[in-house]
Amino acid sequence: MNAVVATSVFAVFMVAAVALGLLALRGRGKGGGLAEWSVGGRSLGPAFIWVLMAGEGYTSFSYLGAAGWGYNYGAPVLYVVAYMSCGYAIGYVVGPMLWGYARRHGLVGITDMVAHRFGRPWLGAVVAVLATVFLLPYIQLQITGMGVVLSVISYGAVSLNWAYFVAFAVTTGFVVVSGLRGSAWVSVLKDILVIATLGFLAFYVPLHYFDGYGPFLDRLVTEKSDWLTLPGHGGGGSGGSGLGELWFISTTFLNSLTVVIFPTTVAGYLGARNADALRRNAMYLPAYNVLLFVPMLLGLAALFVVPGLAGAESNLALFKLVVDSLPAWAVGVIGVAAGLSSIVPMAVFMLVIGTMWGRSVLSLVPRLAERQKSAAQVVVVVAGGLALLLTYTAPNTLVRLSLISYEGMAQLLPMVLLALVWRRLTFRGAFSGLIVGVAVVCVLVFSGNDPLGGVNAGLVALAANLAVALAVTFAGPRDADPRPDAEVLAHDPVGEEGDPLAVTRAARAASDHRV
């Protein structure tokens, strides 16, 4: 009976979420072209951009991975709060720049930007392939997360394998039809449920299991002190985790830079109605990260309630508490919040992959050039299927999957970001650096040398990437590109037509003139 109640609540909310996503398309005919599907027609206001970009911080990782790493290691998981807050600060500058660059040139993603910057359409295709490789683990992360949620809230009635397939099927169908606009609408429902459920659990779990925060924290300090300092539990010695101060600093630094050019983050940038919406969100979103402390703390609470979870089982730490202590209907509601925290970001990741391929890869085929949106939708299904296959054949802990994605995507930083602000960087330099960076990160990760000497392997690879890019740039000839800087480089569109700051400044100037 508990399984029936919980899964029924889950199913009702899922149907409502899909219906809400479809409702977002009212009055838009058949959904418009690729720009409407992939970046919401560049017309999303501050509220929708807020919830859409907040989805980057509240994925299935929030409910499962953060609690799981809190359970396994403790303090090292705080890097998530650190890098996202720093990333928003960098995004205050980078977001409007990328938004303005894409708007001026009619671009819909990072592959477009790279192809336009270096004047080589095939380069966009190469970047699309690489970005897809490094995004697939993140989609796998979301499939794993939603599958775990569905299996646990059904009290084991739904097997993990079937739960993974349901996660894939629901999300694929949703994103193919609704696009970015639908994801933004569903993000509103998701955020309401996330705030409500995490807020409830933050008070309920310590009171229910420990009679309050005081006894819980006293017990934590007394019995589990290793979890409260870096490098966390199991971190010391030659065979430790290596998640010490150097790892924390290097990972925070690398991820805060990478998150601003992550394809899904850029999709959020480009969906904005104006650059000012991005500036405001960059200021307010760090406050939203406070909620991330809740699953981390609950993961530590689970150490005392459900000891002995190992490996990928640690992802169940939070939901073991939920199923153990709450009625079935409440389990279902919390499952919905966690499920939507998988669907929304997974939908955006799949949409971004489809957009990159439809715009930068398949468009190079003459027969497909005029059917970019339909080609992109086919790619969404294929990418989701590949991620599902990886979920079955190469399972991993959620945080490990997240780190692999960021370490690989970081190698695009010189080509995507540095190239847009520094004209001197040549194609040969950027491309050579990219090849070296990707090679180094793959060797280090798959040989088990991540971190390397305590430093995040992605940062080591990025350093090699930059060194090669600069060496080749200065040693080789300049690119023969006759276009002016205004056509090639990006800048913050403050004061340009369409930017609210321009209206504000004009009003102030008129007022000063009258005075």
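The shown structure was predicted, so the numbers you read here are calculated from the model rather than taken from an experiment.

The secondary structure content of the protein chain amounts to 22 helices and zero strands. Taken across its 515 residues, the protein chain has 57% of its residues classed as buried. The long-range share in the protein chain, meaning contacts at least 24 apart out of those at least 6 apart in sequence, stands at 84%. Accessible surface, the protein chain: about 19500 Å² in total, of which carbon and sulfur atoms supply 68%.

Turning next to the confidence of the model for the protein chain. Looking at the protein chain, the pLDDT average stands at 82 and 83% of residues meet or exceed 70. When pLDDT is averaged over each element of the protein chain, helix H20 (residues 457-475) comes out on top at 96 and helix H22 (residues 500-514) at the bottom at 44. With pLDDT under 50 throughout, residues 500-515 is counted as low confidence; its partners more than four residues away or in other chains account for eight contacts.

With that out of the way, let us pick up the nonpolar core. Membership of the largest hydrophobic core comes to 144 residues, with the highest contact counts inside it found for Met 113, Ile 139, Ile 143, Phe 319 and Leu 412. Looking at which element gives the most residues to this core, the answer is helix H15 (residues 328-361), with 20 residues. Once you skip the residues sitting within four places of it in the chain, Ile 143 turns out to touch Tyr 164, Ala 167, Phe 168, Met 346, Gly 384, Ala 387, Leu 388 and Thr 391.

Here we take up the environment of Leu 98. Mapping Leu 98 onto the fold places it in helix H5 (residues 79-105). In this structure, the C-alpha to C-alpha distance between Leu 98 and Pro 493, residues 395 residues apart in sequence, is 9.5 Å. Here Leu 98 is in contact with Met 113, Val 260, Val 266, Tyr 269, Leu 270 and Leu 420, once residues within four sequence places are set aside.

Two measures describe an aromatic ring pair: the distance that separates the ring centres and the angle between the ring planes. All chains considered together, the criterion is met by 20 aromatic pairs. Pairing Trp 122 with Phe 427 gives two aromatic rings, centres 5.6 Å apart and planes at 85°, and the pair type is edge-to-face. Of this pair, Trp 122 sits in helix H7 (residues 121-153) while Phe 427 is found in helix H19 (residues 427-446), placing the two residues 305 residues apart along the sequence. For the ring pair Trp 162 and Phe 165, a centre distance of 6.1 Å and an interplane angle of 90° mean the geometry is edge-to-face. Here Phe 165 and Trp 162 lie together in helix H8 (residues 160-210), a separation of three residues that amounts to about one turn.

Moving on to the pattern of salt bridges. Applying the stated criterion across every chain yields a total of seven salt bridges. For Asp 191, the salt bridge goes to Lys 190, with nearest N and O atoms at 3.3 Å. Overall, Asp 191 belongs to the buried group, its relative accessible area being 5%. Two residues, Glu 223 and Arg 219, come together in a salt bridge whose shortest N-O distance is 3.2 Å. Placement of both Glu 223 and Arg 219 in helix H9 (residues 213-223) is noted, with a separation of four residues, approximately one turn of the helix.

A separate point is the packing of helix H18 (residues 413-421) against H20. At a minimum axis distance of 11 Å, the contact between H18 and H20 shows a crossing angle of 55°. Judged by the inter-axis angle, H18 sits oblique to H20. Here H18 and H20 pass one another in a crossing that is right-handed. Residues Leu 413, Pro 414 and Leu 418 of H18 form the contact with H20, whose own contacting residues are Leu 462, Asn 465 and Leu 466. The residue inventory of the contact of H18 with H20, partitioned by class, reads five nonpolar, one polar and no charged.

Analysis parameters
- Residues numbered from 1 in each chain as written.
- Predicted model: local features only at pLDDT ≥ 70, side-chain atom pairs only at ≥ 80, totals over all residues.
- Heavy atoms only, no water.
- Helix = DSSP H or I, 4+ residues; strand = E, 2+ residues; numbered from the N terminus.
- Buried < 20%, exposed > 50% of the residue type's maximum accessible area, 1.4 Å probe, protein only.
- Contact = heavy atoms within 4.5 Å.
- Areas by Shrake-Rupley, 256 points an atom, 1.4 Å probe, with all protein chains shown as cover.
- pLDDT = per-residue confidence, 0-100.
- Core = buried A, V, L, I, M, F, W, Y, C linked by side-chain atoms within 4.5 Å.
- Phe/Tyr/Trp six-rings, centres within 6.5 Å; stacked < 30°, edge-to-face > 60°.
- Salt bridge = Lys/Arg side-chain N within 4 Å of Asp/Glu carboxyl O.
- Axes fitted to C-alpha atoms, helices over the stretch in contact; angles between N-to-C directions.
- Parallel < 35°, antiparallel > 145°, perpendicular 65-115°, else oblique.
- Left-handed = near helix turned anticlockwise from the far one by under 90°.
- Nonpolar A, V, L, I, M, F, W, Y, C, P; charged D, E, K, R; others polar.

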